[in-house]
Amino acid sequence: MSMSDSDSSSSSYGADSRSLKQVSRERLLHEMLRSAKTGDSKSTWKVLIMDKLTVKIMSHSCKMADITDEGVSLVEDIYKRRQPLPAMDAIYFIQPTKDNITMFLSDMSGRKPLYRKAFVFFSSPIARELVMEIKKDAQVLPRIGALREMNLEYFTIDTQGFITNNERALEELFGDEENNRKAVACLNVMATRIATVFASLREFPFVRFRAAKSLDATTMTTFHDLISTKLAAGVWDCLMKYKKTIPNFPQTETCELLIIDRTIDQIAPLIHEWTYDAMCHDLLNMEGNKFVHEVPSKTGGPPERKEVLLEDHDPIWVELRHAHIADASERLHEKMTSFISKNKAAQIQHGSRGSGEMSTRDLQKMVQALPQYSEQIDKLSLHVEIAGKINRIIRESGLRELGQLEQDLVFGDAGTKEVIKFLTTNEDTTRENKLRLLMILASIYPEKFEGEKGLNLMKVARLTDDDAIAINNLRMLEGEPDTKKTSMSSFALKFDMHKKKRAARKDRSGEEETWQLSRFYPIIEELIEKVSKNELSKQDYPCLNDPSPSFHGTPLAGPVNHHPPAHSMRSRRTPTWAKPRGSDDDGYSSDPVLRHASSDFKKMGQRIFVFIVGGATRSELRTCHKLTGKLRREVILGSSSIDDPAQYITKLKMLTAQEPSLDDLQI
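Residues numbered from 1 in each chain as written. Predicted model: local features only at pLDDT ≥ 70, side-chain atom pairs only at ≥ 80, totals over all residues. Heavy atoms only, no water.

Student: Looking at this model, I keep getting lost on unusual backbone geometry. Mind explaining?
Tutor: The bulk of non-glycine residues show a negative phi, and the bulk of peptide bonds are trans. Within the chain, Asn 285 stands out as a residue other than glycine whose phi angle is a positive 50 degrees. Located in the positive-phi region is Arg 462, a residue other than glycine, with phi close to 55 degrees. Mapped onto the elements, Arg 462 comes out in the loop between α18 (452–461) and α19 (465–472). (Helix = DSSP H or I, 4+ residues; strand = E, 2+ residues; numbered from the N terminus.)

Student: Any chance you could explain the packing of helix α16 (residues 416–425) against helix α17 (residues 431–444) here in plain terms?
Tutor: Pairs of packed helices are described in terms of their axes, by the angle between the two and the distance that separates them. The N-to-C vectors of α16 and α17 enclose an angle of 170 degrees; their axes lie 11 Å apart at closest approach. The orientation of α16 with respect to α17, classified from their angle, is roughly antiparallel. Across the interface between the two elements, Thr 416, Val 419, Phe 422 and Leu 423 from α16 touch Lys 434, Leu 437, Leu 438 and Leu 441 from α17. Classifying every residue of the contact of α16 with α17 by side-chain character gives six nonpolar, one polar and one charged. (Axes fitted to C-alpha atoms, helices over the stretch in contact; angles between N-to-C directions. Parallel < 35°, antiparallel > 145°, perpendicular 65-115°, else oblique. Contact = heavy atoms within 4.5 Å. Nonpolar A, V, L, I, M, F, W, Y, C, P; charged D, E, K, R; others polar.)

Student: What is the right way to look at the packing of aromatic side chains in this model?
Tutor: Think of a pair of aromatic rings as described by two things: how far the centres are apart, and how the planes are tilted against each other in angle. Summed over all chains, the structure comprises ten aromatic pairs. For the ring pair Phe 411 and Tyr 521, a centre distance of 6.5 Å and an interplane angle of 55 degrees mean the geometry is tilted. Linking Phe 411 in the loop between α15 (399–410) and α16 with Tyr 521 in the loop between α19 and α20 (523–532), this pair joins segments that are 110 residues apart in sequence. Three or more aromatic residues joined by ring pairs make a cluster, and in this case those are Phe 204, Trp 236, Tyr 242 and Phe 249. (Phe/Tyr/Trp six-rings, centres within 6.5 Å; stacked < 30°, edge-to-face > 60°.)

Student: Please explain the pairing of strand β15 (residues 633–639) as it appears in this structure.
Tutor: Looking down a regular strand, the side chains alternate between one sheet face and the other. Among the seven residues that make up β15, seven are buried, leaving the element largely enclosed by the rest of the structure. Of the two faces of β15, the one carrying Arg 633, Val 635, Leu 637 and Ser 639 and the one carrying Glu 634, Ile 636 and Gly 638 are both buried. Both strand β8 (residues 161–163) and β15 contribute to a ladder of three bridges, which runs parallel. In the sheet register, Gly 161 faces β15, and the bridge partner there is Leu 637. (Buried < 20%, exposed > 50% of the residue type's maximum accessible area, 1.4 Å probe, protein only. Pairing = 2+ DSSP bridges.)

Listed below in structure tokens is the structure:
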């Protein structure tokens, strides 16, 4: 038995050429499940026991088939009554809490333990007193095959994204100032979980954070001002322990971490993002990545409900998720046309329609006629249906006009006058869309919501007192005290303030964007670019471990490779969306996802990690993918949660315990 970080595969599963998701999966399957194998051939099958959090961690990285392949025949909840299996070994993947240790000791103590042997893996570092509690139990000790810290307590949501599952972070950190106990506990959990990402990847970062902004020496700094500072300190403490306790953990810096919070950009969670991924989550009432749709019954009965996951295993999703919805729709049509033109049987089934649109039912009929292509047509028909549904919602709800106004507001081409005109001429716009529009307006022109002015705007939009709470609570994300501030001091990184109409973003349309509704970009895009060029203000974003001048190298060439190659250089696949549009590859090779994930690796600079306290958005995740290709450095986004606009608005409303009236509305 050993009490150490799980290191059996630290060298063979190094992170220098794998995505965060791949590393997480391999650690769970190889370091944990496979390492629990024993030489006794009679006991090949094992039981896997987890708590609520570790079940989620496992499900974000592995499929059930992966777990079964490693010899697990049964997955159990540690808190549910379980059948004794004294001839089988058990693997425990649990958080190192007192309750979990009590349950574990109860399982394995006495004359008749539930399992023959226990291999125990903790998701994060365990307190010394809990280790002592295990070791002092003379009955349990000989029955333990392993006692290790896996240090893997985050959820991979994407090849370049993770969350710490602090769903209430916005409320606990930016809500009631008096309840600091909850806020401190939230930050401690978040720090531990962020640090486990670096434990998994064997990366040691330069830790930068957004500094508190005090107006003058007499102004007290609030807890809200120090959120990024405190979290950076918490992560740093964990990393210092890792340097001493984890085998093969780097002793010098290998990457960069920037910690910011939701106050940095209040527009990104509200504005309509026009990419396929964002539109799916914004408009289709999805549960996480799950899309539910109806497919024609194969027996001729009523339609059947089918659940599908829009994730990395689907090559069409990977290719189109970051494309503008119009571009995605066009490419889907091209794929369908290409498939039919290459398959004579499909042409016969398509009949005399020529290049006309095919319905989902037409595609299902084609599946029945061409069973050898069923998987391809299934995936294609799914996305044709989704894109069609999104385009229908866009048309029926007049989203193009609203989206244009949102973009014009952000880039300083429109103001309150245009918003009022839109609200009075588009009364059938949904309540949520009107609320989002006013919240964007409030983020750029907070003074327009003072007193009667705010009340009048709410009346024009016909919004409720409940909606007023969301707008009112934007002030709690201002990040600065209410006194002695100008109307614009609270909203960071504003540009071109001398203009009559303010711009919350400077126009970057000279870049590769071709769609008018894709001009918007999140603030983190500029911050990440500045990190990469070593141009981020050291005063506004100080570093806990001051970098040496040689680390950054020349601004345009990227970082100098002065660390060991295993840590300092990155390999990365070429994403499918980067291929030329004329490519003959339809994304339907025998195993395209595996092929793309394991080939075309190219050397990249050191990773950049950005962590947003209080929830990240789909647009920010897209930005990290985009900048990975542009900067030739893998950019990984972390956050307490990933929120779609409706979730974000709900969380904003929860910031205050008591509901203000419209008369109290003031930002």
